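Results of the structural survey
Below, each chain spelled out in residue letters.
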Amino acid sequence: MQLTNGTVQEFILLGFEVGQLQRLLILVFFTLLYMLAMAENITIIILVVLDTHLARLPMYIFLSNFSWLEICYLNTNIPRMLLDLALSNKIISFSSCFLQFYIFCSLGSTECFFLSSMALDRYLAICHPLRYSQIMSPNFCYVLIIASWVLGFLAYIVPVTLISKMSFCGPNVIDHFLCDHGPIMALACPPIPKALIICQIFMDVVVILGNIVFVVLSYGSVIVTLMKNSSKGNRVKSFSTISFHLLVVTLFYGPLAGMYVNPGEADPNVTKIVTLCYTAITPFLNPLIYCLRNDQMKEALLRLWRRKAVFLKSEIDSMQFTNGTVQVFILLGFEVGQLQRLLLLTFFTLIYMLAMAENITIIILVVLDTHLARLPMYIFLSNFSWLEICYLNTNIPRMLLDLALSNKIISFSNIVFVVLSYGSVIVTLMKNSSKGNRVKSFSTISLHLLVVTLYYGPAAGIYVKLGVADPYVTKIFYRACKMEFFLQAFS
């Protein structure tokens, strides 16, 4: 532990104190959750930006910016947590810790103001419908959005600055996976400045409690108005709309209240779980809550789909020929229904993200481990993982975009070379090894043979078959080739 002027210069984030298997499971789960949450929020932003109808509606202006806020929230904490889980790198510098602390708190404050702005939007839409379009214009929406960001990032400048000026004379171990207010204050040397206590109480009252009161009053007025003035059919429809907003508000403020309103010292493990709820799980659930039963989002998706179809038709109609040769090709992909296309897209998006994460992990482990970095097999393995990443990104993003496939050429000479190489290895093992060494060696090369079979097996099914193959079978074989990227990391 390094001390400069009586203050530590680095902290140790304990994170999750669990066994290696549990660490691996947590890493895989939150890597998937992180990538899915990123994909969901990016999809909402793209959909709102590309759809001219949604881009003019206040609720969707707020929703797209809220998704951007969730993306920022995710990337403040989760990548660092995943890196610590993968590499056991628990040291964070003093300045990095306080930067993370400031951004984390500022984004939390910004989300409080965002939820209040969205509550105001619903209040005006339901309680003052005649004046709604006049008051809640797109320009006013952007004023509220900018104000939320500015107030959110101004709110914690003074408290974080005061805390950073305090003396941290040791210990320097933070029992958390990120730098948060409670764990940092637990390490500060007494006495705590009165100005900091007053400032912190003031900020909690204004930012957290003030926004909670505003949200409760807004939705309370909405519920009262719906009970009084709406018919039964309209009431059910309106309640189903605001119920999504109330659920999002509860998911955010519920864990927050559990941490900061609870008197006394909280259990560190409970604090970590609660923090995970609103830093990782809530950004994943919010897009699902807002969009799963949202008819306008579904209609926007259909409009985007139709625009794509019109674009493809125009490409076909304007197809140019040069010297009797077409300049545009159309990749049909799987000719299935919309639901099946969605299922295929979801499945292979997950496979793609998992394969990317696995191969990147292998490269990082080999590069950072000095022992593995000197062993030829792992030098090949890390470069093979890089090759798989390149291979994935040559075809899969395009396939995920329009569920179409590219052709892949494979030569017979390479197959013959691989068969002869592993054949020679097996013959040598049978001749010269003892039984114990033979079993160990066979277990090693069997993994290599499995990877080779996963690669050449589907390819042979496409290219060795005599005659013209069924296109549908060809696509299945080709997708099996892609599954090899996902499975080879486990081999």
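The numbering scheme is per chain: residues are counted from 1 as the chain's sequence reads. Only residues with pLDDT of 70 or above have their local features reported here, since the model is predicted, and side-chain atom pairs are shown and tallied only from 80 upward, although totals for entire chains, interfaces and linings are computed over all residues. Here the side-chain values reflect all heavy atoms present in the structure, with hydrogen atoms and water set aside.

1. Brief notes about the confidence of the model for the protein
With 68% of its residues at a pLDDT of 70 or more, the protein shows a mean pLDDT of 75. pLDDT expresses how confident the predictor is about each individual residue, on a scale running from 0 to 100. Secondary structure elements follow DSSP: runs of H or I no shorter than four residues count as helices, runs of E no shorter than two count as strands, and numbering proceeds from the N terminus. The least confident element of the protein is helix H16 (residues 471-488), whose mean pLDDT is 49; the most confident is helix H5 (residues 138-155), at 93. Scored below 50 in pLDDT, residues 404-412 makes 22 contacts in the model with residues more than four places away or belonging to other chains. The model gives residues 465-469 a pLDDT under 50, and that stretch makes two contacts with residues more than four places away or in other chains. We call two residues in contact when some of their heavy atoms are within 4.5 Å.

2. Looking at the sheet that holds strand E3 (residues 10-13)
Where strands meet in a sheet, backbone hydrogen bonds hold them as pairs that are either parallel or antiparallel. DSSP-based pairing: two strands are paired if at least 2 bridges between them are found. Across the sheet, three strands lie side by side as E4-E3-E5; this open sheet has mixed pairing. Among the strands making up the open sheet, the edge pair consists of strand E4 (91-93) and strand E5 (173-174). Of the strand pairs in this sheet, E3 and E5 are connected by two bridges, and their pairing is parallel. Within the sheet, the bridge partner assigned to Ile12 lies in E5 and is Val173. Throughout, an axis means a line fitted to C-alpha atoms (over the contacting stretch in the case of helices), and angles, computed between N-to-C directions, take values from 0 to 180 degrees. Against the sheet, helix H3 (residues 94-127) engages E3, E4 and E5, with an angle of about 85 degrees to E4.

3. Observations concerning the pattern of salt bridges
Whenever a carboxyl oxygen of Asp or Glu lies within 4 Å of a side-chain nitrogen of Lys or Arg, that contact is scored as a salt bridge. Under the definition given, this model contains three salt bridges. We note a salt bridge from Asp84 to Arg80, for which the minimum N-O separation is 3.2 Å. Remark: Arg80 and Asp84 occur in helix H2 (residues 58-87); sequence separation between them is four residues, near one turn of the helix. An identical accessibility class is assigned to Asp84 and Arg80; each is buried. Note on exposure labels: buried denotes an accessible area under 20% of the residue type's maximum, exposed denotes more than 50%, and partly exposed covers the range between, all computed with a 1.4 Å probe on protein chains only.

4. Overview of the state of the cysteines
Note on terminology: pairs of cysteine sulfur atoms within 2.5 Å are recorded as disulfides. Counting across every chain of the model gives one disulfide. Two residues share a disulfide in this structure: Cys97 and Cys179, whose sulfurs sit 2.0 Å from each other. Sign of the S-S torsion, about -120 degrees for the bond between Cys97 and Cys179, identifies this disulfide as left-handed. Here the residue Cys97 occupies a position in helix H3, and Cys179 occupies one in the loop between E5 and helix H7 (181-187), the gap between them amounting to 82 residues. On the accessibility criterion, Cys179 (0% relative accessible area) is buried.

5. Side note on the packing of H2 against H5
It is the contact of H2 with H5, at a shortest axis distance of 9 Å, that shows an interaxial angle of 25 degrees. With respect to H5, the axis of H2 lies roughly parallel. Pair H2 / H5 crosses with right-handed handedness. Contact residues: H2 offers Pro58, Ile61, Phe62, Asn65, Trp68, Leu69 and Cys72, while H5 offers Pro138, Cys141, Tyr142, Leu144, Ile145 and Trp149. Ten residue types, Ala, Val, Leu, Ile, Met, Phe, Trp, Tyr, Cys and Pro, are classed as nonpolar, four, Asp, Glu, Lys and Arg, as charged, and the remainder, Gly among them, as polar. Its residues assigned to classes, the contact of H2 with H5 comprises 12 nonpolar, one polar and no charged. When describing relative orientation, an angle under 35 degrees is termed roughly parallel and one over 145 degrees roughly antiparallel, while 65 to 115 degrees is termed roughly perpendicular and anything else oblique. Left-handed describes a crossing whose near helix is turned anticlockwise from the far helix through less than a right angle; right-handed describes the clockwise counterpart.

6. A few points about the packing of helix H6 (residues 157-164) against helix H8 (residues 194-229)
It is the contact of H6 with H8, at a shortest axis distance of 10 Å, that shows an interaxial angle of 150 degrees. The angle between the axes of H6 and H8 places the two elements in the roughly antiparallel class. Taken as a pair, H6 and H8 cross one another with a handedness that is left-handed. For the pair formed by H6 and H8, the contact residues are Val158, Pro159, Leu162 and Ile163 on the first element and Ala195, Leu196, Cys199, Gln200 and Met203 on the second. Looking at the contact of H6 with H8 residue by residue, the class counts come to eight nonpolar, one polar and no charged.

7. Let's talk about a nonpolar patch on the surface
Note that patches include only residues with greater than 30% relative accessible area and no salt bridge, and the join distances are 9 Å for like charges and 5 Å for nonpolar side chains (Val, Leu, Ile, Met, Phe, Trp, Tyr). With residues, only the protein chains shown are counted as cover, and all accessible areas are computed by Shrake-Rupley using a 1.4 Å probe. On the surface, a cluster of nonpolar side chains totalling about 800 Å² of accessible area is made up of Ile192, Ile197, Ile201, Phe202, Val205, Val206, Leu209, Val213 and Leu217. Counting through the fold element by element, Phe202 comes out in helix H8.

8. Details of the nonpolar core
The biggest cluster of nonpolar side chains holds 102 residues, and the ones touching the most others in it are Phe11, Met81, Phe98, Phe168 and Ile184. Ranked by the residues each element gives to this core, the list is headed by H3, at 16 residues. In this view, Met81 contacts Phe16, Phe30, Phe177 and Leu276; residues no more than four positions away in its chain are not counted. To define a nonpolar core, start from buried Ala, Val, Leu, Ile, Met, Phe, Trp, Tyr and Cys residues and group those joined through side-chain atoms within 4.5 Å. Within the second largest apolar cluster, five residues are counted, among which are Ile126, Cys127, Val222 and Leu226.

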